[in-house]
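Here is how the chains run, residue by residue.
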Number of protein chains: 8
Amino acid sequence: MERDELKALLRSVAEGETSPDGALQSLRLDPVKSLGYAVIDTHRSLRQGAAEVVFGAPKTPEQIRGIVSAMLESGQKRILITRLSPKKAEALSDIEGFVYDGTSRLGIIGGDRPADGIGKIVVATGGTGDIPVAEEAARTAEFLGNEVVRVYDVGVAGLHRLLARLDDIMDASVIIAVAGMEGALASVIGGLADCPVIAVPTSVGYGASFDGLSALLSMLNSCASGVSVVNIDNGFGAGYQASMINHIGRNDI
Amino acid sequence: MERDELKALLRSVAEGETSPDGALQSLRLDPVKSLGYAVIDTHRSLRQGAAEVVFGAPKTPEQIRGIVSAMLESGQKRILITRLSPKKAEALSDIEGFVYDGTSRLGIIGGDRPADGIGKIVVATGGTGDIPVAEEAARTAEFLGNEVVRVYDVGVAGLHRLLARLDDIMDASVIIAVAGMEGALASVIGGLADCPVIAVPTSVGYGASFDGLSALLSMLNSCASGVSVVNIDNGFGAGYQASMINHIGRNDI
Amino acid sequence: MERDELKALLRSVAEGETSPDGALQSLRLDPVKSLGYAVIDTHRSLRQGAAEVVFGAPKTPEQIRGIVSAMLESGQKRILITRLSPKKAEALSDIEGFVYDGTSRLGIIGGDRPADGIGKIVVATGGTGDIPVAEEAARTAEFLGNEVVRVYDVGVAGLHRLLARLDDIMDASVIIAVAGMEGALASVIGGLADCPVIAVPTSVGYGASFDGLSALLSMLNSCASGVSVVNIDNGFGAGYQASMINHIGRNDI
Amino acid sequence: MERDELKALLRSVAEGETSPDGALQSLRLDPVKSLGYAVIDTHRSLRQGAAEVVFGAPKTPEQIRGIVSAMLESGQKRILITRLSPKKAEALSDIEGFVYDGTSRLGIIGGDRPADGIGKIVVATGGTGDIPVAEEAARTAEFLGNEVVRVYDVGVAGLHRLLARLDDIMDASVIIAVAGMEGALASVIGGLADCPVIAVPTSVGYGASFDGLSALLSMLNSCASGVSVVNIDNGFGAGYQASMINHIGRNDI
Amino acid sequence: MERDELKALLRSVAEGETSPDGALQSLRLDPVKSLGYAVIDTHRSLRQGAAEVVFGAPKTPEQIRGIVSAMLESGQKRILITRLSPKKAEALSDIEGFVYDGTSRLGIIGGDRPADGIGKIVVATGGTGDIPVAEEAARTAEFLGNEVVRVYDVGVAGLHRLLARLDDIMDASVIIAVAGMEGALASVIGGLADCPVIAVPTSVGYGASFDGLSALLSMLNSCASGVSVVNIDNGFGAGYQASMINHIGRNDI
Amino acid sequence: MERDELKALLRSVAEGETSPDGALQSLRLDPVKSLGYAVIDTHRSLRQGAAEVVFGAPKTPEQIRGIVSAMLESGQKRILITRLSPKKAEALSDIEGFVYDGTSRLGIIGGDRPADGIGKIVVATGGTGDIPVAEEAARTAEFLGNEVVRVYDVGVAGLHRLLARLDDIMDASVIIAVAGMEGALASVIGGLADCPVIAVPTSVGYGASFDGLSALLSMLNSCASGVSVVNIDNGFGAGYQASMINHIGRNDI
Amino acid sequence: MERDELKALLRSVAEGETSPDGALQSLRLDPVKSLGYAVIDTHRSLRQGAAEVVFGAPKTPEQIRGIVSAMLESGQKRILITRLSPKKAEALSDIEGFVYDGTSRLGIIGGDRPADGIGKIVVATGGTGDIPVAEEAARTAEFLGNEVVRVYDVGVAGLHRLLARLDDIMDASVIIAVAGMEGALASVIGGLADCPVIAVPTSVGYGASFDGLSALLSMLNSCASGVSVVNIDNGFGAGYQASMINHIGRNDI
Amino acid sequence: MERDELKALLRSVAEGETSPDGALQSLRLDPVKSLGYAVIDTHRSLRQGAAEVVFGAPKTPEQIRGIVSAMLESGQKRILITRLSPKKAEALSDIEGFVYDGTSRLGIIGGDRPADGIGKIVVATGGTGDIPVAEEAARTAEFLGNEVVRVYDVGVAGLHRLLARLDDIMDASVIIAVAGMEGALASVIGGLADCPVIAVPTSVGYGASFDGLSALLSMLNSCASGVSVVNIDNGFGAGYQASMINHIGRNDI
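Here's a quick rundown of the structure. Computed from a predicted model, the values in this text were never measured in an experiment.

The rules behind the values
Residues numbered from 1 in each chain as written. Chains lettered and ligands numbered in written order. Predicted model: local features only at pLDDT ≥ 70, side-chain atom pairs only at ≥ 80, totals over all residues. Heavy atoms only, no water. Least-squares fit on C-alpha atoms with pLDDT ≥ 70 in both. Contact = heavy atoms within 4.5 Å. Buried < 20%, exposed > 50% of the residue type's maximum accessible area, 1.4 Å probe, protein only. Helix = DSSP H or I, 4+ residues; strand = E, 2+ residues; numbered from the N terminus. Pairing = 2+ DSSP bridges. Right-handed = clockwise from strand over helix to strand, strands pointing away. Expected span 1.5 Å × (residues − 1). Buried area = accessible area lost by both parts, 1.4 Å probe. Salt bridge = Lys/Arg side-chain N within 4 Å of Asp/Glu carboxyl O. Nonpolar A, V, L, I, M, F, W, Y, C, P; charged D, E, K, R; others polar. Polar contact = N/O pair within 3.5 Å; in protein donor to acceptor, adjacent residues only side chain to side chain.

### Remarks on the relation of the copies chain D and chain G
Right, so step 1: Take chain D, turn it by 180°, move it 0.1 Å along the axis, and it overlays chain G with an RMSD of 0.1 Å. What the superposition gives is, in effect, a two-fold axis relating one chain to the other. Proximity to the rotation axis, assessed at the C-alpha, singles out V229 of chain D in chain D; its C-alpha lies 2.5 Å from the axis.
Right, so step 2: The residues that chain D uses at the interface reappear at the interface of chain G in 100% of cases, marking a shared surface.

Pasting the structure below:
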């Protein structure tokens, strides 16, 4: 809860417009709406300017439907559902305005917000296998109002492929570097670019990649300055933070 | 074996009522009943005041049925079967008084013991995906004679949701904090509450959650005092210990 | 902040006794006192009934002295400083009422609170090498107002030693089981006792004990019900939670 | 190759009975028979007195059949096939004298060798879920000529169950302790018994058991003297070594 | 090498002003200056607008001095030396304009750049022990031209301490959350704030903190959106990226 | 890009034959061909003399077909597709000249290059279960123009089997040692042979083999000089490097 | 407590010679002697035929002296103190009959028991660096009454060195294989020998040996039958078990 | 033992020149010389053409001196002692012809062999901190008769530095890539070069570099073909194998 809202509430109590008990109630219960299995923060889009995001993986279609309904009722216009399996997506396909993207496994209601960021977000991948995670990042950023440039399959074992896209790298305001295996892409891009790089390790690989651990450690130890890291396969997290960075100093992410 | 029983037995030997060989026999063989594949501690409900618990996961339906029958024959009234798959539950559904709870995967014979604890046990979760583990804890505690308050989906990324349930947190005699991913719920609740907190890490998450390792380590390193931890996804263990704590100083758990 | 305090404050605003700005100030700044490098929760002993605890390891003697002074000034009577090296202890030795225990590495100001728990707390160790951690637990529990029974060097490789202390085990209201190496003590005690067991893995051992990891995993996987675990070598955490459990249903820990 | 055989061969060369080239051939190629995908040590039963063992897991039924045929042809009488799935066993069921044990997943050709060991081998388990691994150990030992006593479901959380079988424990010449979860059984038995204990960690458990790692580390760190450890779920290895120990000082294992 | 420079060079070749061999030489050797043990990128401040940073830990004082001299000669005005031990700092103390900060272990030549970022960078810590890492972040950000607000010792076990600084949290353009042990600070701040959060796990803790691994995993699994992570104890990396973010859309970091 | 090509290009600019913009274009875009989801390095067979290799595992049959078509169009004659499942292979079976090897899971277009290496490459395995990985190495080496000698099932537990093939070991110019479980084969061969040994750990095993980690660590710690290691199950990588070594000092690998 | 003793005690109660309370006392307190910091099992040499062993590492010289005195008073003749630092050894040097061996870090009181085992125990090492651990095993076995043959520095990278000692290997009744780094020695010896092999991984090595983890995993995964493993650097444990095996079927270890 | 030697020996037996017992002796004992604590393979320089190498780390100066003396006596001319601390080096400084290199911690007797390899070996490092390991590799290769080109401090975060040395990279016959932190250097060089790359992870770094684990995993997962890996900080192993590769097809390494 923000300072101003709190102040206003207290003033309203002081002026007798709100009773202490009512204020207490308001402080406690108002901004959330409980469904028993989930608690929805209906004030969040006001507070953070963000559409609410639903993490779809551990929820049943019924739970997702319930949460979405409650959000729409409370005035939410745009909803992003992440890690949504094709099967669950099908079960939700009758919701008005629902669109499903199979590559990124994202479900979107209400469409993308118009792109209004400071610059462009580049999403780069080391290989073809990293594309699903990259698309999760790219589509999330687009959903949140950003122009996205895709630079795919430019792994460091073939520097020519990466250097051929140097203009895009140099023009970015934020770069999301998505790579599995040895995850060296983040360091090389971090050394070339002038902007923040968000590294996303992926679970692409086998053996000693240990389901993404190798790429994760590699990215955390990047010798390039300006690189930070999100969880393995967390394309959404990278897209979300990139959007925040691309809207720095503005009211919304 | 308790001191008093041992003393009584020895006295009975001293008074000639029991022969040494019989006493030896009694010390060795009596309180357990062997089925070949399992050994049942038929004196346990006397010794610990607890109903016997059957760990269902690694056993065949036939083995579980055999164990349950032996228990019922020896006078056990209430039996809890944990980690019971729906398929195994179906195979046991003809046992008299058997009830199965699909969410917690618990099978219960003989119903819950009347609630007679010192206070209330709060079971809180970080997200919707943690509910199956939380229900294992909650139903176990109820089975063992406790009143349970559920506070679900109050993860720390939305403090409002948690603070809205502050009264429940403050009123608890024991709190079970169930969370996956970064497991921060235990620390935040531990800092707010005046009572012991039992933290249950869950395997909800992906990538660097490493099937619950992240939440486990996080909870073990909690900077809040008064937090202890059970195994990943071990709702039963948390519910059982919470019940013990909630019956401290009484004869039964 | 508790419900009643908040209500009182709001009422005071409603009655004009407190201005909205003052209330805001009070909500924000009052219960904590900032030293720049540390923020002291001066209301905590009211809220949780607990003396404040200072984690000494990462702090300089100067920082500890500053924190202690601020606490004493705000009316705190009993202070516990954990993980205090002998050298730091010496640097603090001129503080009035300061006592240092070299085995547990605890510094105590204001002495122990009178023992007023529900029952006795048993602290057991597997070996002689576990005693420093055990003493941290025992002295913490005594400081917080508990009677403690020490049952040391009763590791499971010599069951006679443990069974010789069976009376103490059976009489406890809470047991703290401290063990390194394979950490089996917690399971064996957990199977014998009727009360909650808090297991403390220690870093005693070598090779594949991996600085306590072996004992930690062992304890988390205990097949005995009623066992929970704290961090490796965290005697303080075990003593603190044991005290909480031993005061369940009373106002103070 | 043993000293005596080598000496005899060299002598035969010296006496002109064998040509140098023939000797070389003999040294190199004789004792093994190559199938392309496998090399069979046809002299092994002479050298080690042991029947040959086939590790079935990574081989196709065709490969196993080929290996078995080559062994039988070279005069092998008893063959043990480990980690044989029911499906593969079915595919081999027409081999003469082939018997399959579903619990231990062992296939046996030629039956058990008559029991001729120094004493009895005790196979103990912590729980019911450990029985398949225990049976692999027990049946292997029986196959190799040992009398086996089974002591199942005597985990340390219920000491009575274990103490009720104390006579068997005390009479053993070797004990195989099979346990998952915290693996404490090995330490407790190691403390009670006068004979070597071979500990077998199992993958029974969940969460922080990490597929047997917890039991493995626990057993390696046993505070009881006289305990050694084999790989997780390696019932065969334990049974084989126990048989070796039980035949110490005799010509055969 | 940037597009424009390359184009200019090629044009100069086309116009005969530069010979092909000279161009080749220039492409290869110019922007770097070799000292044998180190290669200095003398064009970097042009390319990235950043002062050059020297990673002091693995270098001898002589190597650092050599690198610094070469940089100053090539016109570099501001140099930051990280992870500089007090002993090495003393050995460098005669360099003109060299200033050493013992808490952050940073050596600075040429002073801070005037603060010209979009907003303020907040650096928060969970405890007092995290301050050295936090200062590395804060001083790095100040060196690179940012206003920094310090919010120290506001760990989640005492939410009051954090909420008392809510205004600072809400006003930040970027937040650096520094915490050891369970690392929950990042998630709680991530849930409260509207801006990007860079999480820095620290090695503060003991036992199952595994030198920062616990905090690292916790932060990577944060359930709050908008959080990314740098290496354990990498205050510099967080400060550097925060500065980049705080200068997005401007020419310099 | 090689020195000579670059020099030629610059000369062509200097002589006015190529415009600066054209040269820039050429430097950036020429040697790669983009399919959106993949970027093909069409100059690679010139630069490295190697046929291009497609990592099949993370790609859809459609993507593989697209990549293969683009390669063939650009003049590539021989293509190797690794980690190709039988199902995907079937979907590609209509491509002209496509041959699939089920054991090694390799798809080959254009057949093997004539063997022209310095000597023979020996591929040895510890057991029968390692053969699929060994065949990946052997077939890769044959594809790249090498004579390969297979020495299978010569694990160190039966030294006779290995010594029987000593001539092959001693004659090799490079040896690839493929083994799971304890991976000791690499050390024993490394001690016997005079040539470089490339060790390939495999995921064959169970329990504490941790999917190949045991063999990997074992091989990395080999006490034999002259052994290096590739990723777990990476037969391709070993075959590729062995071919490079076997063509040292010649123009092609 | 053994069956016969228990029976005798009960009989004595039945015949009125012992009172029930006395029997209880005897059952509980007799066989152990408490020093506060340690509990000594004074009946152990009767029960197990073994001299008592003191694990010296975590104990102060004063504690060791106290334990030794209590043992000697209760009639113990031979005492082995393991992991005794030179400094502690010096502090104990005035104890009558105390001898210290610096290589194995063992302190011995009362000298070795006459060798009366079934056969010889061979202690083999991979390298020179493994000798301290090997000596701990060898001296322990000698202390417990075994003839020991040392076969040092016969690592598998030089098979000749091992084969030169083949007679000793073939003659052993038990072999202790001590090796660090890749730990392959155990597998090779296991394949050559006819007797049980106890493998001792050592922490000799660097990098990916991870303080003995590599050798430990390697030995656990040995493809040779008849190999079991003790903790890293646990020479004592191997020597103790080897002695047990070498006395199988006799009354003493 | 090689085929020809064995054949000759057998022939000599056949011709009565050697007695069977003598032949046996010769087979067993000849090629090695035992010092008790070490066994020296005096035939090795014949068999492998390599000078013997002494791993100095775990040996005392006395042991090293003894080994060196025995080697010199048996005619060895060149000896390399690795991981030799300055202190041990000083203790050996009176040995004739002994030279110590402090950076690489190598002691050399008899000087370098004349360079006679196929081409040049390039040793590259990511940073200045990697130089000690790189020098171990470089000096080892020079000792074994190779020309070495050093390309230091060319980490991937500054591609210009690496590209400036492209000629050296392209001219190499083998490349040793030495890097800590994220270890990306191996992949980038592997993509650029036409020759085998041996990657050496170093323990340079902090936090999540986990003493070289990050670089090790990164290098094992390299997406560039032709890269193999040695142990962390194992410069010697890389230099040794590089020399072997650089002498392929010749009689000596």
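### Structural notes on the pairing of strand β4 (residues 79-82) of chain D
Residue and element names in this part refer to chain D.
Right, so step 1: Judged by which residues are buried, β4 turns out to be covered on both faces: I79 and I81 on one side and L80 and T82 on the other are all buried.
Right, so step 2: Summarising the sheet, strand β3 (residues 53-55) and β4 pair through 3 bridges and their orientation is parallel. Bridging from a neighbouring strand, F55 pairs with T82 of β4.
Right, so step 3: Regarding the hand of the β-α-β motif, the stretch spanning β3, helix α4 (residues 61-73) and β4 is right-handed.

### Digging into helix α6 (residues 131-143) of chain G
All names here are of chain G.
Right, so step 1: Under the 1.5 Å per step criterion, the end-to-end length of α6 is 18 Å for 13 residues, consistent within 8% with the ideal 18 Å.
Right, so step 2: By the criterion of burial, α6 is predominantly enclosed, with 12 of the 13 residues buried.
Right, so step 3: Where α6 is concerned, the buried positions are I131, V133, A134, E135, E136, A137, A138, R139, T140, A141, E142 and F143.
Right, so step 4: Immediately beyond the C-terminal end of α6, within one or two residues, lies G145, with a positive phi of roughly 95°.

### Some thoughts on the interface of chain D and chain G
Right, so step 1: Contacts between the two partners involve 36 residues from chain D and, on the opposite side, 37 residues from chain G.
Right, so step 2: Between chain D and chain G, the buried area comes to about 2900 Å², and carbon and sulfur atoms account for 56% of it.
Right, so step 3: Our enumeration of links across chain D and chain G arrives at 0 salt bridges.
Right, so step 4: Elements with a minimum of two residues in the side of chain D that touches chain G: α3 (44-48), α8 (166-171), α9 (185-192), α10 (213-220), β11 (227-229) and α11 (235-245) of chain D.
Right, so step 5: Sorting elements by how many residues they give to the side of chain D that touches chain G places α11 of chain D first, with 5 residues.
Right, so step 6: A class-by-class count of the residues in the side of chain D that touches chain G yields 20 nonpolar, 11 polar and 5 charged.

### Examining the interface of chain D and chain F
Right, so step 1: Each side of the interface is counted separately: chain D has 21 residues, and chain F has 16 residues.
Right, so step 2: Across the chain D to chain F interface the summed buried area is about 1600 Å²; carbon plus sulfur atoms make up 63%.
Right, so step 3: Scanning the region where chain D abuts chain F turns up 0 salt bridges.
Right, so step 4: Taken together, the links from chain D to chain F amount to 3 residue pairs in polar contact (both at pLDDT 80 or more).
Right, so step 5: For the side of chain D that touches chain F, the secondary-structure elements that each account for two or more residues are α2 (20-29) and α10 of chain D.
Right, so step 6: Looking at the side of chain D that touches chain F residue by residue, the class counts come to 12 nonpolar, 4 polar and 5 charged.

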